[in-house]
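Structure at a glance
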Amino acid sequence: DSSKNSSKNKSDTKKKQTGKKIKEIRFSTATDTNDIDFKLDKAVNFLYKGHPVKLTMSSKLSFDFNPDECKQKLQEIVELLDNTLFKVQQQEIINRASSSIGVLLQPNVENIKKKKEQEK
């Protein structure tokens, strides 16, 4: 009986959840400039659609994880984005199991609406 109730509660919770799905874009310390530009275009499109975006940077070699190097590269990538499109919700998300570091960006809905109106 309790398993039926817990599965029902989970489905009810899923129905009540609103909002957009977090989109993750992965980079490595060896990602080429053209690939970075392409992935950043994807991130901007997700932000325009209202999705939160998680940018993840991993080390080229998992056994040689250098969090400082990953953090620096990730910061450089975030600085390439138009900072009026997003708010940084979570600065550092370190996952030692996958040898990665990330940042979660929330879309700045007001500024995105203004930009869309200007483009029309």
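Here, every reference points to the structure presented above.
1. Comments concerning the overall build of the chain
Tallying secondary structure elements over the chain gives 4 helices and 4 strands in all. Starting at the N terminus, the α and β elements of the chain follow one another as α-β-α-β-α-β-β-α. Expressed as a percentage of its 120 residues, the buried residues of the chain come to 28%. Of the contacts formed within the chain by residues at least 6 apart in sequence, a portion of 64% connects residues at least 24 apart. Total accessible area computed for the chain in this model is approximately 8600 Å², and 45% of it derives from carbon and sulfur atoms.

2. A word on the sheet that holds strand β2 (residues 53-58)
Spatial ordering of the open sheet is given by β1-β2-β4-β3, a layout of 4 strands whose pairing is mixed. Each end of this open sheet is capped by a strand with a single partner; those strands are β1 (23-28) and β3 (86-95). Across the sheet, the axes of successive neighbouring strands diverge by a mean angle of 20 degrees, strand direction being ignored. Sheet strands touched by helix α2 (residues 33-48): β1, β2, β3 and β4 (100-107). Its angle to β1, the strand with the most contacts, is close to 165 degrees.

3. A few points about α2
In this model α2 runs 22 Å from its N-terminal to its C-terminal C-alpha over 16 residues, within 8% of the 22 Å that 1.5 Å per residue would give. Looking at α2, one finds that the buried residues are I36, L40, A43, L47 and Y48. In a view along the axis of α2, the buried residues occupy a sector of 135 degrees, so they form one face of it. Turned more than 90 degrees from where α2 packs its buried face, N34 and F38 sit exposed. Remark: G50 follows α2 within two positions and exhibits a positive phi of approximately 95 degrees.

4. Looking at the pairing of β4
Note on strand geometry: in a regular strand, side chains alternate between the two faces of the sheet. Where burial is concerned, most of β4 is hidden: 7 out of the 8 residues are buried. Sheet analysis places β2 next to β4, joined by 6 bridges and oriented antiparallel. From the neighbouring strand, T56 faces β4, where its bridge partner is G102. Here β3 pairs with β4 via 7 bridges, running antiparallel. Across the sheet, residue V88 finds its bridge partner in β4, namely L105. Linking β3 back to β4 in an antiparallel pair, the connection comprises 4 residues, with S99 at a positive phi of about 55 degrees.

5. Details of helix α3 (residues 67-80)
With 14 residues, α3 ought to run about 20 Å at 1.5 Å a step, and its terminal C-alpha atoms sit 20 Å apart, in line with that. C70, L74, I77 and V78 are the residues of α3 that are buried. Down the axis, α3 shows its buried residues gathered within 100 degrees of arc, on one side only. Opposite its buried face, α3 presents the exposed residues D68, Q72, E79 and L80, each directed more than 90 degrees away. Looking at the buried residues of α3, the elements they touch are β1, α2, β2, β3 and β4. With a side-chain oxygen lying 3.1 Å from the backbone nitrogen of D68, the N-terminal cap of α3 falls on N66.

Cut-offs and rules
Residues numbered from 1 in each chain as written. Predicted model: local features only at pLDDT ≥ 70, side-chain atom pairs only at ≥ 80, totals over all residues. Heavy atoms only, no water. Helix = DSSP H or I, 4+ residues; strand = E, 2+ residues; numbered from the N terminus. Buried < 20%, exposed > 50% of the residue type's maximum accessible area, 1.4 Å probe, protein only. Contact = heavy atoms within 4.5 Å. Areas by Shrake-Rupley, 256 points an atom, 1.4 Å probe, with all protein chains shown as cover. Pairing = 2+ DSSP bridges. Axes fitted to C-alpha atoms, helices over the stretch in contact; angles between N-to-C directions. Expected span 1.5 Å × (residues − 1). Arc of directions from axis to C-beta. Polar contact = N/O pair within 3.5 Å; in protein donor to acceptor, adjacent residues only side chain to side chain.

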